[in-house]
Amino acid sequence: MIRRRSIHFVPGGSERMFRKALEAPADALILDLEDSVTPENKESARAAVCEWLREADFGGRQKLARINPLASTWGAADIAAVAGCGPDGIVVPKAESRRDVEAVDELIGKAEARAGAAQGAVKMLLIGTETPASVFRLPEMAAHPRVDGMTWGAEDLSAELGASMIRGENGGYLEVFALARSLALLAAAGAGKQPIDTVYPDIRDLDGLRGDCERGAAMGFTGKLTIHPDQIEIVNEAFTPGEAEIAEARELLALAEEHRRRGRIAFRFKGRMADVPHLKRARRILARAGITPES
């Protein structure tokens, strides 16, 4: 299982911010060619990102690159250049349908062939909810074999809807954005791909970030996008099972094995009944902690 708790955005072409990101504890870096790069700097940023991918030591971090939308002036050229430079994955914005995913897949495959790389080596991470139409097609997009993760985007979706707010006065998402978040989680999990929660844009509100992470992790997200280095450690902590949670999962699985030998699958554990779903959750906890279950 790929451990991607914190997936951190780095503006393409900014050498200073790239070097700073290499010192941060993020599990993955997204070298961004889209929103953080002005139109006049798209080509120079692309060249810089390709150089970083080829030459820089990422210290074991996943190397991802966010392209411009395929329908834009730069999307196809981004894929042709970046996919042949050895990234682990391409982050695809504003994908609206399976057809869009297949078109990106075809372009990545051609770039892999030109570079002599194994077909399918470069994965896709989809930003799945940036347009209203995409929300209804998340399962078909997530199911594509090159996709290995799905996240969602509230800011672009709000712009498309003409929404004046994303969160209510209590800090929680308004209903339409909560729905998009839940559907992205369900589509990713249903396809066996990593569900990744979206950015928390208020970089000064670290307590708010912590609460957002805790709610996301409780829902089933296993990682989160970050946009400032100060967010990374909070995200890592929130999406890493704690010692007590790990100990309880181990205890439950050990007890389950004892009952299995007696021919039982359901049993009492700490005052409640436990059976197959509880065992599955315990195994997931250990997997997220990088621990191989003993039973």
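Up top you'll find the structure we're talking about.
**Focus: the side chain of arginine 146**
Argument step 1. By the element assignment, arginine 146 lies in the loop between helix 6 (138–142) and strand 6 (147–151).
Argument step 2. Those residues in contact with arginine 146 that sit more than four places away from it in its chain are Asp105, Ile108, Gly109, Glu112, Gln119, Gly120, Ala121, Val122, Lys123 and Met124.

**Here's the deal with the pairing of strand 2 (residues 28–32)**
As a general feature of sheets, a regular strand has side chains that alternate between the two faces.
Argument step 1. Judged by how many residues are buried, strand 2 sits mostly within the fold: 5 of 5 residues are covered.
Argument step 2. A two-sided burial pattern is seen for strand 2, the buried positions comprising Ala28, Ile30 and Asp32 on one face and Leu29 and Leu31 on the other.
Argument step 3. Sheet topology note: the strand 1 (residues 6–11)/strand 2 ladder contains 5 bridges and is parallel. Paired with histidine 8 across the bridge in strand 2 is leucine 29.

**A closer look at the packing of helix 2 (residues 42–55) against helix 3 (residues 75–82)**
Argument step 1. Interaxial distance between helix 2 and helix 3 falls to 10 Å at its minimum, and their mutual angle equals 25 degrees. Comparing the axis directions of helix 2 and helix 3 gives the class roughly parallel. The handedness of the crossing between helix 2 and helix 3 comes out as right-handed. Of the residues in helix 3, those in contact with Arg46, Val49, Cys50 and Leu53 of helix 2 are Ala77, Asp78, Ala81 and Val82.
Argument step 2. Of the residues assigned to the contact of helix 2 with helix 3, the class counts are 6 nonpolar, no polar and 2 charged.

**Section: the environment of glutamate 160**
Argument step 1. Looking at the element boundaries, glutamate 160 is found in helix 7 (residues 154–161).
Argument step 2. Sequence separation of glutamate 160 and glutamate 106 is 54 residues, and the distance between their C-alpha atoms is 28 Å.
Argument step 3. The residues touching glutamate 160, leaving out its near neighbours within four places in the chain, are Glu130, Thr131 and Pro132.

Reading the values: rules and limits
All chains use their own residue numbering, which begins from 1 and follows the written sequence. Residue-level local features of this predicted model are given only where pLDDT is at least 70; pairs of side-chain atoms are given and counted only at 80 or more, and the full residue set underlies all totals for whole chains, interfaces and linings. To obtain the side-chain values, all non-hydrogen atoms of the structure were included, while hydrogens and water were left out. Numbering goes from the N terminus for both helices and strands, where a helix is a DSSP run of H or I of at least four residues and a strand is a run of E of at least two. Whether two residues are in contact is decided by their heavy atoms: any pair within 4.5 Å suffices. Only protein chains enter the accessibility calculation, which uses a 1.4 Å probe; a residue whose area is less than 20% of its type maximum is buried, one above 50% is exposed, and one in between is partly exposed. What makes two strands pair is DSSP finding at least two bridges between them. Fitted lines through C-alpha atoms serve as axes, helices being fitted only where they are in contact, and the angles separating the N-to-C directions of these axes extend from 0 to 180 degrees. Throughout, the term roughly parallel applies to angles under 35 degrees, roughly antiparallel to angles over 145, roughly perpendicular to angles from 65 to 115, and oblique to all others. Put simply, a crossing is left-handed when the front helix is turned counterclockwise from the back one by less than a right angle, and right-handed when it is turned clockwise. When residues are sorted by character, Ala, Val, Leu, Ile, Met, Phe, Trp, Tyr, Cys and Pro go into the nonpolar class, Asp, Glu, Lys and Arg into the charged class, and all the rest, Gly among them, into the polar class.

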